[in-house]
Every structure is written in C-alpha cells, then in structure tokens.
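Descriptive analysis of the structure
What follows is the residue order along each chain.
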Amino acid sequence: MRKGRKYVKPNVVFFDLETTGFDRPIRPVQIGAIDSWGENTFNQYVWPRRHVHPKATLTNKFFTRRGTLYREGEGALETVDLEDALVLFLDWLENLGGNIVLVAHKCLDYDAKVLLRNFEEFNIEYDHVITGFSDSLLASRNLYPEAPSHRLPAMLGEVGLPVRESHDALVDADDCRRICRRMAGQCRFRFLDFVFHEHWYHTLDDQWEWTFPYGVTA
C-alpha cells in the first residue's frame, strides 16, 4: 500500500445509476450522487426515452408506461428528459468545484461506462469537470478477499454497518460512500490514497479507453 501521495484538491463524489438494464442503449432512470462528506446530494429521476427491460424491473422496480416512468409502490415519478438530466448532473458536479473523481460500486465496468456512453452519444462535454473514476467493488475484492459476497449490501455488513438493499440511486451512493470510508479506515489508508489506488482507479483517459476500445462509433 503506497502512502503519502499528493493530489491537486480532487472533489470525490459517490454516485449510482439505476438503469434500463443491460440491453443497449443502456439509459439511466435515476441518477444519485453525494459528496464525500455526505453534505451535498443530487437525485434525479430520468425519462430514458425507451422501456425498462423486464429483468431490470424485477430488481430496481422501475418501469415505463405511455411516456411516464413509474416505480412499484410509488406510482408515477416526476422526471426530466435524458439529455437534460445528464446536463443537470454535470452542472451539479461543476458547481462543487470541478476536478471530480466519481466513485461507484462496479464503477469501471458499468456505471462509468454507461455515463460516458451517454455523454458521448449526446455530445455533452465532460472532460473539464470529471478527472477520474474509482471502483469500490474492486477495492472490496482486493481488501476483503475472504468476504462471502462483495455486493453493496453485503459489504455494509462486512465493514460493520447495518445491512440494507434499496436499489435507490441516492441511497446506494451514500452506502458506497460509507463503505469506502470504513474500508479506508479499517485497512489503514488515507482516504485519497484509497480512492486513487492503482488497482481500482482509472484516470478519465484510462476509462475512456476502457469504455471505447474501438472508438466511440464502434
């Protein structure tokens, strides 16, 4: 574990996307985010311009009908259009001060890829705000190899926090934040050393190459 690295005042933000499923185009139906101190939050329901795959509905309880997004047990949700939601999220990140490192559970292989694909598709500039991505799932697998499960709810229990499973983007983002704080402390990392660890951190350029190995149009 490398200690004592220096960073240029990054703003670490934890986020989660509830989405339409794994069939493309993958669209967010909810974007949730929270800063590393748990003080500033973003929570937006999104009209995804497509249906939610039935298998996704079984997990996250979102579905669409006649141009409206619903969640089971809550009824119709107030949404903004997909492109507007992406811009609102980016504006919120910029208002935090920019130089954003986004952290999520399964970030590098899912949430970051979905986010970048949508930004690129709608020609939304983001590289002046986002500088990198960090993955708490990869961190948990590296630091807690004997844990029976590394899913977000299981890791809450593994680090000594109350277990819950919500599939609400803002709740999951906050759970990710609390897990990362605990993992860093229990494994004797300074927080930024934890976030920037080479085994689970990608610069924006790294993540772009990971997301688009054959180019954006491939």
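On a predicted model such as this, the values are computed, not experimentally measured, just so you know.

Each value, and the rule that gives it
Residues numbered from 1 in each chain as written. Predicted model: local features only at pLDDT ≥ 70, side-chain atom pairs only at ≥ 80, totals over all residues. Heavy atoms only, no water. Axes fitted to C-alpha atoms, helices over the stretch in contact; angles between N-to-C directions. Helix = DSSP H or I, 4+ residues; strand = E, 2+ residues; numbered from the N terminus. Parallel < 35°, antiparallel > 145°, perpendicular 65-115°, else oblique. Left-handed = near helix turned anticlockwise from the far one by under 90°. Contact = heavy atoms within 4.5 Å. Nonpolar A, V, L, I, M, F, W, Y, C, P; charged D, E, K, R; others polar. Salt bridge = Lys/Arg side-chain N within 4 Å of Asp/Glu carboxyl O. Buried < 20%, exposed > 50% of the residue type's maximum accessible area, 1.4 Å probe, protein only. Pairing = 2+ DSSP bridges. Core = buried A, V, L, I, M, F, W, Y, C linked by side-chain atoms within 4.5 Å. Expected span 1.5 Å × (residues − 1). Polar contact = N/O pair within 3.5 Å; in protein donor to acceptor, adjacent residues only side chain to side chain.

A few words on the packing of helix H2 (residues 82-95) against helix H3 (residues 107-121). Interaxial distance between H2 and H3 falls to 11 Å at its minimum, and their mutual angle equals 110 degrees. Overall, the two elements H2 and H3 adopt an arrangement that is roughly perpendicular. Note that H2 runs across H3; the crossing there is left-handed. Here Leu 82, Leu 86, Phe 89 and Leu 90 of H2 come into contact with H3, specifically with Leu 115, Asn 118 and Phe 119. Of the residues that constitute the contact of H2 with H3, the class distribution is six nonpolar, one polar and no charged.

In this structure the tally under the stated criterion is twelve salt bridges. The shortest N-O distance in the salt bridge between Asp 174 and Arg 177 comes to 2.9 Å. Of the two residues, Asp 174 and Arg 177 both sit in helix H6 (residues 169-186), three residues apart, roughly one turn of that helix. According to the relative accessible area criterion, Asp 174 is buried, its value standing at 18%. By relative accessible area, which is 14% here, Arg 177 ends up buried. In this structure, the salt-bridge partner of Asp 193 is Arg 190, at a minimum N-O distance of 3.5 Å. The class of Asp 193 is buried, set by a relative accessible area of 3%. With a relative accessible area of 49%, Arg 190 lands in the partly exposed category.

This next bit is on the sheet that holds strand S5 (residues 68-71). Pairing in this open sheet of three strands is antiparallel, and the strands run S4-S5-S6 from one edge to the other. Two strands bound the open sheet, and with one partner strand each, they are strand S4 (62-65) and strand S6 (75-76). Bridge analysis of S4 against S5 gives four bridges, and the strand direction is antiparallel. Across the sheet, residue Thr 64 finds its bridge partner in S5, namely Leu 69.

This paragraph deals with the nonpolar core. Phe 15, Phe 89, Leu 93, Leu 102, Phe 119, Ile 130 and Phe 133 are the most contacted members of the largest nonpolar core, which totals 34 residues. Elements that contribute at least two residues to this core include exactly strand S1 (11-19), strand S2 (28-35), strand S3 (41-47), H2, strand S8 (100-104), H3 and strand S9 (130-135). Considering every element that reaches this core, the biggest residue donor is H3, with eight residues. Counting residues in hydrophobic clusters, the runner-up holds 28 residues, among them Ala 139, Met 155, Val 159 and Trp 200.

With 18 residues, H6 extends 25 Å between its outermost C-alpha atoms, agreeing within 8% with the 26 Å of an ideal straight helix rising 1.5 Å per residue. Where H6 is concerned, the buried positions are Ala 169, Leu 170, Asp 172, Ala 173, Asp 174, Asp 175, Cys 176, Arg 177, Ile 179, Cys 180, Met 183 and Ala 184. Put simply, Asp 168 is the residue that caps the front of H6, since its side-chain oxygen is 3.2 Å from the backbone nitrogen of Leu 170. Just beyond H6, the residue with positive phi is Arg 188, at close to 60 degrees.

As a further point, take unusual backbone geometry. Note the cis peptide between Arg 24 and Pro 25, where omega equals 0 degrees. Counting through the fold element by element, Pro 25 comes out in the loop between S1 and S2. Residues other than glycine seldom take positive phi values, yet Lys 61 does so here, at roughly 70 degrees. Relative to the helices and strands, Lys 61 resides in the loop between helix H1 (54-60) and S4. One non-glycine residue, His 167, adopts positive backbone phi at about 55 degrees. With respect to the helices and strands, the residue His 167 is situated in the loop between helix H5 (152-158) and H6.

The sheet built from seven strands is open, its strands ordered S7-S3-S2-S1-S8-S9-S10 with mixed pairing. At either end of the open sheet lies a strand with only one pairing partner, and these are strand S7 (80-81) and strand S10 (201-203). Where S1 meets S8, four bridges bridge the pair, whose relative direction is parallel. By the bridge assignment, Val 12 is partnered in S8 with Val 101. In the packing of H3 onto the sheet, the strands contacted are S1, S2, S8, S9 and S10, and the crossing angle to S9 comes to about 150 degrees. In the packing of helix H8 (residues 204-211) onto the sheet, contacts are made with S9 and S10, and the angle to S10 comes to roughly 95 degrees.

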